[in-house]
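Fold and geometry: a report
Now for the letters of each chain:
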Amino acid sequence: MTAQSPVRGRGLVRRGFQHRPGAMVWVSLVIVAAALVAAIIGPLLVPGATDQHLLTGITPPGPGHPLGTDQLGRDVLQLLVAGARTAVLGALVVALGSLVLGNMIGVPAGYFGGWRDGLAMRWADLMFSLPALLVAIVVTGVLGGGFVLAVLVLVVLFSPGDARLARAAVLDQRHRPYVEAARLLDLSASRIMSRHVWPNVMPVVTANAFLNFAFALVALASLSFLGLGVEPGSPDWGRTLADNRSQLLANPWAALAPAIAIVTTAVAVTIVGDWVHERLEARGRAR
Amino acid sequence: MTGQEWARFLARRVAAAIAVVLVLSFGIFALLYLAPGSVEQTLLGTKPASPETIGAIRAQYHLDEPFLVQYLRWLGAALHLDFGTSIRSGSQVGTEISARLPLTIVLVLYGSALAVAAGLPLGVWAAVRRGLAVDRLATGASIAAVSAPPFAVGLLLLFVFAIGLGWFPVYGTGETPAQTLWHLTLPAIALGLGGMGLIVRLTRAAMVGELDQDYIVFARARGLRGRTVVGYALRNSLVPVLTAAGLIVTSTLVGTVLVEVTFALPGLGSLLVDSVTFKDVPVVQAVALLLTVLIAIINLVVDVAYAVVDPRIALGREAS
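Residues numbered from 1 in each chain as written. Chains lettered and ligands numbered in written order. Predicted model: local features only at pLDDT ≥ 70, side-chain atom pairs only at ≥ 80, totals over all residues.

With respect to the overall build of chain B
Counted only if it meets this: Counting from the N terminus, the helices are DSSP H or I runs at least four residues long and the strands are E runs at least two residues long.
The helix and strand inventory of chain B stands at 15 helices and zero strands. In terms of principal-axis extent, the alpha carbons of chain B reach across some 85 × 60 × 35 Å.

Written out as structure tokens, the structure reads:
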């Protein structure tokens with residue numbers, strides 16, 4: 001009951017998406033694609049985004065600077081394009097990293113059962129009893145901050161979800177005839193898990209990575225906003241927002257633009273993630 | 001369910017909650033040793049590190065004793081709400097926390113209340129008008145509300161309603177209680193949006209399921225008023241929503257950290273961020289432990305409330 005109700009509901013909510021990607025999904029796909037392109041080639045497009053022009057100072061939006069400049073004279077639009085890299089690629093690394101780590105823990109736990117399973121699941125329970133962002137704030141802060149550290153901490157914090165999911169999916173496969181057959185053939189456990197069981201578990205687990213991507217984007221932006229993610233002055237959305245928050249009256253666009261970028265990207269990624277999740281999970285169930 | 005079964009269920013849950021808090025408290029204490037640089041340096045902060053001050057710090061924090069003894073000393077003091085002195089301000093950590101706690105509690109309650117007050121009716125409305133424009137709008141809005149980070153939403157609210165329209169104050173917390181509530185309205189909206197989205201989603205999903213049930217069809221066929229019928233369905237839909245209550249309050253507690261920084265409010269969240277930035281480890285430990293205990297209590301209350309509503313949970317040993 002606990003777990004089923006929301007899942008059942010989500011199926012109903014999103015049944016429309018599954019068959020025809022509605023306008024909302026299309027718009028979201030375009031936004032996510034734009035953010036990805038900016039993340040990959042953005043810094044090449046705007047090589048001088050972080051150059052400071054202190055004499056220019058704050059300028060309102062106008063020709064030459066569509067969104068104006070911040071108090072360091074940096075073009076806000078260029079900062080946004082350059083900032084997509086840490087925001088989007090960092091979240092991608094978190095989603096993939098927690099997928100790998102979670103599966104390395106969850107698949108053997110489900111396959112072997114016993115003490116390995118008990119240990120892994122108690123660990124997951126413990127991690128679940130705490131909100132990830134709060135732990136990330138405390139740990140990255142006390143350890144000294146930095147982007148790599150923030151990404152690593154989030155990987156560790158996100159992995160229990162993947163581990164639980166992978167374990168449940170493997171439990172479902174463990175007693176199927178093809179696994180018994182592989183055992184009879186005397187294949188090694190690691191070979192059965194990686195070559196035979198995992199491909200059948202993959203759709204469900206990959207689907208979750210898309211949802212994790214959305215959560216990670218928001219979490220990383222939050223850490224950067226608090227000054228615990230990227231270095232000061234880096235062109236990151238959360239950081240740019242924090243740097244210009246105090247100038248909201250004098251120079252609103254320098255803070256509003258990154259805020260809008262974060263909100264639209266987060267919402268778009270969630271919608272696309274939900275849609276992909278729904279499709280992949282339906283495929284996983286059909287097996 | 002008999003009294004004895006209840007007692008056993010309660011004892012098990014309380015023991016589990018205490019175990020989680022103990023394990024995490026160990027991690028929280030270890031933060032002192034995880035911070036870069038030597039422990040003495042961390043505890044000295046910006047004070048000069050002479051042999052005398054280092055010696056005083058070592059004596060004050062019992063750094064010559066084994067790690068486990070230090071941990072037990074710290075935990076024992078924490079049980080008496082003694083968290084030592086702040087490195088940044090030099091004042092008692094407990095005093096600083098109690099000065100900032102009320103604002104955070106008011107903000108979290110205010111935000112959660114707004115989330116429930118807006119989320120429940122919207123979810124019911126969307127379910128009753130399933131598939132129509134209202135439903136699509138509410139569903140879309142709930143996705144946006146769940147995924148948008150509170151600090152970015154807060155900034156947009158601040159710009160539109162405080163700076164642009166001038167309806168709400170930009171900074172400060174007000175002096176009288178009524179003023180404070182007024183000052184905290186925008187932060188509470190930014191904070192409550194995520195929970196609201198979640199409640200809309202869950203209520204709508206549960207209501208859609210209930211409205212398809214035979215008893216609803218029968219009630220309608222008997223000619224009961226639409227409002228009465230929706231009332232029946234709502235009562236049965238609340239169980240899954242209640243399950244998510246813990247999640248909502250916890251996410252609000254996390255969100256308050258971001259919202260307090262966005263709106264420059266002197267609450268527990270901004271204290272945590274300031275202390276983390278300054279590496280004021282005693283304050284970070286105290287706030288982290290406090291939040292851990294709060295979250296454990298919330299989860300415990302939700303577990304018990306859920307068992308009260310649906311006794312099968314306690315009887316089934318979570319098997320169902």
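Thoughts on the overall build of chain A
The line we're drawing: Exposure is read from a count of other C-beta atoms within 10 Å of each residue's own; the residue is exposed at 12 or fewer, buried at 20 or more and partly exposed in between. C-beta atoms are placed from the backbone. We call two residues in contact whenever the C-beta atoms placed from their backbones are within 7 Å.
Within chain A one finds 10 helices and zero strands. Going from the N terminus to the C terminus, chain A shows its helices and strands as α-α-α-α-α-α-α-α-α-α. The buried share of chain A, reckoned over its 287 residues, is 46%. Across chain A, contacts joining residues at least 24 apart in sequence account for 73% of those joining residues at least 6 apart.

Structural notes on the packing of helix 5 (residues 132-143) of chain A against helix 13 (residues 268-278) of chain B
Test applied: Note on geometry: axes are C-alpha line fits, over the in-contact stretch for helices, and angles between N-to-C directions span 0 to 180 degrees. Roughly parallel means an angle under 35 degrees; roughly antiparallel, over 145; roughly perpendicular, 65 to 115; everything else is oblique. Charged residues are taken to be Asp, Glu, Lys and Arg, nonpolar residues to be Ala, Val, Leu, Ile, Met, Phe, Trp, Tyr, Cys and Pro, and polar residues to be all remaining types, Gly included.
Packing of helix 5 of chain A against helix 13 of chain B leaves a shortest axis separation of 7 Å and a crossing angle of 25 degrees. Between helix 5 of chain A and helix 13 of chain B, the crossing angle belongs to the class labelled roughly parallel. Across the interface between the two elements, Ile137(A), Val138(A), Gly141(A) and Val142(A) from helix 5 of chain A touch Leu272(B), Val276(B) and Thr277(B) from helix 13 of chain B. Considering only residue class, the contact of helix 5 of chain A with helix 13 of chain B consists of five nonpolar, two polar and no charged.

Here we look at the interface of chain A and chain B
On the side of chain B, 49 residues touch chain A, which itself brings 43 residues to the contact. It is helix 10 (residues 252-286) of chain A that provides the largest number of residues to the side of chain A that touches chain B, a total of 10 residues. Per-class residue counts for the side of chain A that touches chain B are 31 nonpolar, nine polar and three charged.

Notes on the domain arrangement of chain B
Rule in force here: The domain limits used here are those given by an automatic or database domain assignment.
Structurally, chain B comprises domain 1 (3-79) and domain 2 (100-278). Put simply, the middle of domain 1 of chain B and the middle of domain 2 of chain B, counted by C-alpha atoms, are 36 Å apart.

A short note on the nonpolar core
Stated formally: Buried Ala, Val, Leu, Ile, Met, Phe, Trp, Tyr and Cys residues form a nonpolar core when they are connected through C-beta atoms within 7 Å.
With 163 residues, the main nonpolar core has Ala136(A), Ile137(A), Leu154(A), Ala216(A) and Leu217(A) as its most contacted residues. When residues in this core are grouped by element, the largest group, 19 residues, is from helix 8 (residues 189-225) of chain A. Here this core spans two domains, and each of domain 1 (3-79) and domain 2 (100-278) of chain B adds at least three residues to it.

A short note on helix 7 (residues 177-184) of chain A
Since the α-helix packs 3.6 residues into each turn, any two residues three or four apart lie on the same face. Within helix 7 of chain A, only zero of the eight residues are buried, which leaves the element largely exposed. Once helix 7 of chain A finishes, Asp186(A) follows within two positions and takes phi at roughly 70 degrees, a positive value.

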